Each structure stands twice: as structure tokens, then as C-alpha cells.
Amino acid sequence: MEIRKVGVVGCGLMGSGIAQVSAMSGFPTVVREVSDELLSAGLGRIEKSLAKFTEKGTMTADQKAQTLARLKPTLKLEDFAGCDLVVEAVIENLERKREVFAALDKILAQHALLASNTSSLSITEMMTATRRRERFLGMHFFNPVPLMKLVEVVKTVATDPAAVEGALDFAKKLGKTPVLTNDRAGFIVNRLLVPYLLDAVRAFEEGFGTIEDIDAGMKLGCNHPMGPFTLLDFVGIDTTYYIAEILFAEYREKRFAPPPLMKRMVMAGMYGRKTGKGFYDYSDPKNPKVNQLL
Ligand code: CAA
């Protein structure tokens with residue numbers, strides 16, 4: 001199955017990144033948001049990321065203009081009609097996602113693939129909102145999408161092998177490396193990453209070290225690009241908390257249970273970089289200072 005035209009539902013942090021890499025890779029790409037305001041914020045994010053590539057010289061001004069010309073921003077789901085693949089990247093709410101998929105199912109041609117970028121919700125549960133069970137899968141991208149090489153392709157018990165091949169092939173055409181996984185909460189990466197991040201919070205609460213020392217330990221001792229607290233602030237403490245709750249509900253294992261400190265931070269609106277405060281304080285974004293939490 002050949003993918004020629006792509007759709008992306010949602011132009012938030014992940015949706016804008018997915019639409020950007022799709023257009024950069026030569027695919028005419030329709031990207032939809034629910035308001036003009038959200039759409040222009042998403043397109044602004046794409047412009048900014050493309051500008052970084054042109055500044056670095058990894059993309060010419062001409063390639064940037066061609067990428068932008070391949071993007072068709074819209075407010076209407078009906079504009080996805082001619083797409084061969086639509087990737088959903090709306091908020092992590094199962095009901096909202098099921099509504100979007102039920103509507104798309106009616107608009108798209110029979111051969112088209114539907115994929116969700118969810119990080120933790122069940123692909124199978126979304127699939128049942130449609131009548132294209134064989135052509136429904138997960139395509140989970142990583143933040144920041146233009147830089148991160150991985151895509152998790154998620155198959156359900158009902159996904160057709162030809163649809164899996166189509167998704168793997170599309171991910172490769174985006175310059176990504178796909179890995180194949182089954183529909184289990186967290187897939188491969190969050191199944192392993194989230195308990196590690198939660199354990200870092202526990203280690204801090206137990207007095208193993210300061211936030212800065214635990215971060216430096218994992219960064220320099222394991223060559224990770226970011227220590228666990230910097231990564232928690234980057235991904236979002238609210239997002240990680242939400243994913244942990246889903247993993248805990250699926251596996252009922254203590255290691256997936258979010259620690260109380262994390263819950264209190266979410267209650268207090270300390271989500272990390274996006275709210276300016278998390279494990280670090282970003283009042284001066286170039287020079288984050290550790291936040292006094294205990
Ligand atoms: N588009 C284009 N270029 C970008 C960019 C973007 N969106 N974001 C950053 N860059 C560029 C910067 O301009 C910079 O360029 P130069 O090297 O020319 O200066 C370069 O990328 C590096 O950026 P920074 O200097 O700002 O910072 P960095 O060296 O720390 O790299 C990073 C940033 C790539 C994010 C790196 O820190 C990293 O890999 N961090 C880990 C990210 C990670 O683990 N992501 C996965 C999170 S988990 C997830 O997403 C799954 C989930 O379901 C929750």
C-alpha cells in the first residue's frame with residue numbers, strides 16, 4: 001500500500017512536528033486544528049523549527065518554502081478526504097479520540113490507514129470506534145519530532161500485516177527508524193522509561209541525592225542527553241503522571257504508581273517547562289535553577 005497524501009489531526013506540540021516531518025519528506029500534508037488560534041500557533045512552531053534547520057544549513061531556503069507549500073492547514077475534517085494515511089494527535093482523551101476516528105472513518109476512502117500518536121491509551125479501544133479494524137494502528141512519535149529518530153508502530157490483534165508494512169515504510173520515508181510493538185499500555189519506550197522516571201522521584205525523596213546530582217549522575221554516568229528531572233520537566237510532569245496512571249491501571253504493579261510528590265506537583269500546576277516551574281524553575285530559561293520541593 002503506497003502512501004501519497006497524509007493527514008494529521010491536531011497541530012499541537014506533537015501534531016505540528018508530525019505534519020512538519022511529513023511535509024519535509026515530500027508528502028502533501030493536511031493538518032487540522034479546532035480553531036484559527038491553535039492552527040496559527042502550530043504553524044508558527046513549524047516555521048520556527050524549519051528556521052533552525054536553515055540557520056544550521058541543513059535545509060535551504062528553497063526547501064523550507066517547498067515544505068511550507070506542501071502543508072494544507074484546515075479547520076475541517078472533510079479536507080482529509082483524499083488522504084491515504086491520517087495520524088491523529090489530539091489531546092490524550094479516549095472519548096475525544098474515538099469521536100475523531102468515527103468521523104474520519106466515514107470521510108476517508110476504504111484503502112486509507114488510520115493511526116493514533118497516543119503514548120499510552122489503547123489502540124484497540126480506539127479501533128472499535130471505526131469499521132476499518134484491519135487498517136488501524138498506532139504510530140507513536142517522540143518529542144521533539146523533527147529531531148527524534150524513533151517511531152513506535154503499534155499493531156493490534158486485528159491489524160492487517162499489509163497495513164503494518166505501510167506504516168513501517170512511511171516511517172522510514174520520514175527518515176525515522178520504526179520499531180514494531182503490540183498494543184500494551186506504554187508500548188516499548190514508556191513501559192521502560194516511565195518506571196525509571198518515577199524511580200528517580202522516589203530516589204530523590206529517599207535522600208539518595210539532590211535533583212541536580214541525580215540528573216548529573218544519569219547524564220554523565222550513562223551518557224543520557226538529559227537527566228531524569230530535566231526530562232520530566234521537558235516531557236511534562238502532568239503528562240508523565242497521566243501515563244503512569246494508565247500503566248498502573250493496566251499492570252497493577254507498584255513500580256508504575258506515581259509517587260505522592262509528583263501528584264502534589266501536578267495539583268500545584270508545576271508541570272515543568274510548559275508552566276515555568278517543575279523540578280527546576282525556568283524564570284530565566286537559559287539558566288534553570290533547582291526548585292525547593294522538600
Ligand atoms: N526543530 C529543529 N531543531 C531543533 C528543535 C526543533 N524542534 N529543537 C531543538 N533543535 C536544535 C537546536 O536548535 C540545537 O541546534 P544546534 O546544535 O545547532 O544549537 C539542537 O537541536 C540541540 O538543541 P539544544 O541545544 O536546545 O539542546 P540539546 O543539545 O539538549 O538537545 C534534545 C535537545 C534533542 C531535545 C536533547 O536534549 C534530547 O535528545 N533530549 C531527550 C529527549 C527525549 O528523551 N525525548 C523523548 C521524550 S519521551 C516522549 O516523547 C514519549 C512520550 O510518550 C512521553
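Presented here is a report on the structure given in the accompanying data block. (Residues numbered from 1 in each chain as written. Predicted model: local features only at pLDDT ≥ 70, side-chain atom pairs only at ≥ 80, totals over all residues. Heavy atoms only, no water.)

Taken together, 19 residues form the shell around the ligand, and within it Ser 49, Ser 119, His 140, Asn 143 and Asn 190 come nearest. At 3.2 Å, a side-chain N or O of Lys 56 approaches an oxygen atom of the ligand. Note that an oxygen atom of the ligand is positioned 3.0 Å from one of the side-chain N or O atoms of His 140. Compared with its free state, where it exposes 1,000 Å², the ligand has 63% of that area covered by protein. (Near = heavy atom within 4 Å. Polar contact = N/O pair within 3.5 Å; in protein donor to acceptor, adjacent residues only side chain to side chain. Areas by Shrake-Rupley, 256 points an atom, 1.4 Å probe, with all protein chains shown as cover.)

So, on to helix α1 (residues 13-24). Taking 1.5 Å per residue, 12 residues should reach 16 Å; α1 reaches 17 Å between its end C-alpha atoms and fits that length. When you tally the buried positions in α1, you get 10 out of 12 residues, the bulk of the element. If you check which residues of α1 are buried, you get Met 14, Gly 15, Ser 16, Gly 17, Ile 18, Ala 19, Gln 20, Val 21, Ser 22 and Ala 23. One or two residues past the end of α1 sits Gly 26, with phi positive at roughly 100°. (Helix = DSSP H or I, 4+ residues; strand = E, 2+ residues; numbered from the N terminus. Expected span 1.5 Å × (residues − 1). Buried < 20%, exposed > 50% of the residue type's maximum accessible area, 1.4 Å probe, protein only.)

Glancing now at the packing of aromatic side chains. Enumeration according to the criterion identifies five aromatic pairs in this entry. Between Phe 229 and Phe 279, the aromatic rings sit 4.8 Å apart at their centres with planes inclined by 55°, giving tilted as the arrangement. Note that Phe 229 is positioned in helix α9 (residues 228-235) and Phe 279 in the loop between α11 (260-267) and β9 (280-281), a separation of 50 residues in sequence. By relative accessible area, which is 0% here, Phe 229 ends up buried. (Phe/Tyr/Trp six-rings, centres within 6.5 Å; stacked < 30°, edge-to-face > 60°.)

Bringing the packing of α9 against helix α10 (residues 237-251) into the picture now. Remark: α9 packs on α10, axes separated minimally by 5 Å, with the N-to-C direction vectors making an angle of 90°. The orientation of α9 relative to α10 falls into the category roughly perpendicular. Counting all contacts with α9, which are made through Leu 232, Asp 233 and Val 235, the residues of α10 involved are Ile 237, Thr 239 and Thr 240. The residue inventory of the contact of α9 with α10, partitioned by class, reads three nonpolar, two polar and one charged. (Axes fitted to C-alpha atoms, helices over the stretch in contact; angles between N-to-C directions. Parallel < 35°, antiparallel > 145°, perpendicular 65-115°, else oblique. Contact = heavy atoms within 4.5 Å. Nonpolar A, V, L, I, M, F, W, Y, C, P; charged D, E, K, R; others polar.)

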